[in-house]
Structure formats: C-alpha cells, structure tokens
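Report on the structure
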Amino acid sequence: MTDSSNAEEFVHVFQPYYRECRCVPSEGFSTILYFSALSIDDTWGWYKALGDDNFMQLRAGVPPVIHSVVHNNLMYMIAKPVGKDPDVQLWVSDGTVRGTRFITRFKGGGAADHAIVNDALYISTQQGPQLIRTDGTECRTFAVNTGVEYAFPMERFGNNDLVFGAFTPSTGMEPFI
C-alpha cells in the first residue's frame, strides 16, 4: 500500500470513520502505510493500515504528524502543536502498539527538517529555536547548544558534519557547520 493510488483509495475508505487523515510517507519502513488521523470524537492518533480496508490504532493522543523519517528500524514522527500546547512533539515507533511512544516536546512549528550524522538523528522546525539530537530514547534526546537560533534547513555535509541555516542578531541568517 505504499504507492499513491493505494494510499488515496485507503483514505477514501477511511473517511467515513475519521474526519481528517494525514498520510505520511514511510519509505524504507516495510510496505505498510502509517498515518495520523482525527477521529469522529476529536482525538488525534497514529495508525497503521493492515490492508483490505482495515487499520489499527498504534497510539491515541499523537497530534497531527508533519514530518517523519525512518532510521535504524524506527520511524520518528514530528507532530505539530495542538490546542493550547505551543510545543512540537517528537514520537518514535517500531510499528507496534508497545513500541510507539512519546520522546519529548520542544519549541517550534511550521515545516520540519532532519539529517542523520554519525548514526544520530538531528531535527528542527522552521519556527523553532532548537536543534534536537536523538537516538530514539528519552535519555539521549536533547537540545544541541549551537549558539544560534533557528537551525533550519539542514543537511549532512560529507560523512560527519551537519550544515544548517541559522540566525544570530549580529549577522542575520547564515549557513553554519
């Protein structure tokens, strides 16, 4: 179910049960479609398509996913702020109910970006002042002290460097390594 025609067909079948559905590309994470959806009772959740018009909820309470990346057999999801919560949320899933969990929240909003450097995942959002580093665990997920604001967009440079655009009051927006 990873090609767009199957995803569109699934969303069409899914609509009677849920008010809003956001399909998230999960290339490299087997051949299963994962998505966030708003149920009729106004609860966002993270779901997995099982095929033949069936689906299962992996976790209730996951806000709308705006960006995802697969790394080391885990899917990392960045979920946008909802309601009065101003923070972006980082979730991780191995595709199972038990393996879908919240990692942290951080300031941000707008589009999200990521890069993988030295087997660590770096993430940020367009409107967020923090650059976050994670390995998929709570204890090894933290804000990187860069001395700049808004590390967005970003790319891996060579084998071991991260390059990103960032803002400082003295120079404005510039590239940083």
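Residues numbered from 1 in each chain as written. Predicted model: local features only at pLDDT ≥ 70, side-chain atom pairs only at ≥ 80, totals over all residues. Heavy atoms only, no water.

Things to note about the packing of aromatic side chains
The criterion, for reference: Centres within 6.5 Å make a pair out of two Phe, Tyr or Trp rings, where for Trp the six-membered ring is used; the pair is then stacked when the planes are under 30 degrees apart, edge-to-face when over 60, and tilted otherwise. To qualify as a helix, a DSSP run of H or I must reach at least 4 residues; to qualify as a strand, a run of E must reach at least 2; elements of each kind are numbered from the N terminus. Exposure classes here rest on a 1.4 Å probe applied to the protein chains alone. A residue is buried below 20% of its type maximum, exposed above 50%, and partly exposed in between.
Throughout the structure, instances matching the rule amount to five aromatic pairs. Ring centres of Phe35 and Tyr47 lie 5.4 Å apart, and the angle between their planes is 10°; this geometry places the pair in the stacked category. Of this pair, Phe35 sits in strand 2 (residues 34-39) while Tyr47 sits in strand 3 (residues 44-51), placing them twelve residues apart in sequence. You'll find Phe35 and Tyr47 in the same group, each marked buried.

Regarding the nonpolar core
Quick reminder of the rule: Nine residue types can take part in a nonpolar core, namely buried Ala, Val, Leu, Ile, Met, Phe, Trp, Tyr and Cys, and a core is a set of them joined through side-chain atoms within 4.5 Å. Contacts are assigned to residue pairs with any non-hydrogen atoms lying within 4.5 Å of each other.
Counting residues in each nonpolar core, the largest one holds 13 residues, and the members touching the most others are Tyr76, Ile78, Leu90, Val92, Phe106, Leu121 and Ile123. Those elements that provide at least two residues to this core are strand 6 (74-79), strand 7 (87-93), strand 8 (100-107) and strand 10 (120-125). Once residues within four sequence positions are removed from consideration, Ile123 is found in contact with Ile78, Leu90, Phe106, Asp113, His114, Gln130, Leu131, Ile132 and Met154. In terms of nonpolar packing, the next biggest core, distinct from the first, is built from eleven residues, Val117, Val148, Ala151 and Ala166 among them.

Concerning the sheet that holds strand 12 (residues 142-144)
Worth spelling out the cut-off: For two strands to be treated as a pair, DSSP must find at least two bridges joining them. Interaxial angle, 0 to 180 degrees, is taken between N-to-C directions of lines fitted to C-alpha atoms, where a helix line uses only the stretch in contact.
Read from one edge to the other, the open sheet built from four strands follows the order 9-10-11-12, with strand pairing classed as antiparallel. Because the sheet does not close on itself, it has two edges, and the strands there are strand 9 (112-117) and strand 12. Going from strand to strand, the sheet's axes swing by 30° on average, the running direction of each strand aside. As defined by bridge partners, strand 9 adjoins strand 10 across six bridges and the pair is classed as antiparallel. Counted as the bridge partner of His114 is Ile123 from strand 10.

Quick notes on the environment of Ile103
Tracing the sequence through the fold places Ile103 in strand 8. Exposure remark for Ile103: the relative accessible area of 5% places this residue in the buried category. Sequence-wise, Ile103 and Gly136 are 33 residues apart; in three dimensions their C-alpha atoms are separated by 7.4 Å. Excluding anything up to four places from it in sequence, Ile103 contacts Leu90, Trp91, Val92, Thr134, Gly136, Thr137, Glu138 and Thr141.

With respect to the pairing of strand 10
Regular strands have side chains that alternate between both faces of the sheet. Across the six residues of strand 10, six count as buried, placing the element largely inside the fold. Side chains of strand 10 alternate between two faces, with Ala120, Tyr122 and Ser124 and Leu121, Ile123 and Thr125 buried alike. Of the pairings in the sheet, the one linking strand 10 to strand 11 (residues 131-134) comprises three bridges and is antiparallel in character. Looking at strand 11, one finds that Tyr122 is bridged to Arg133.

Shape descriptors only; they carry no functional weight alone.
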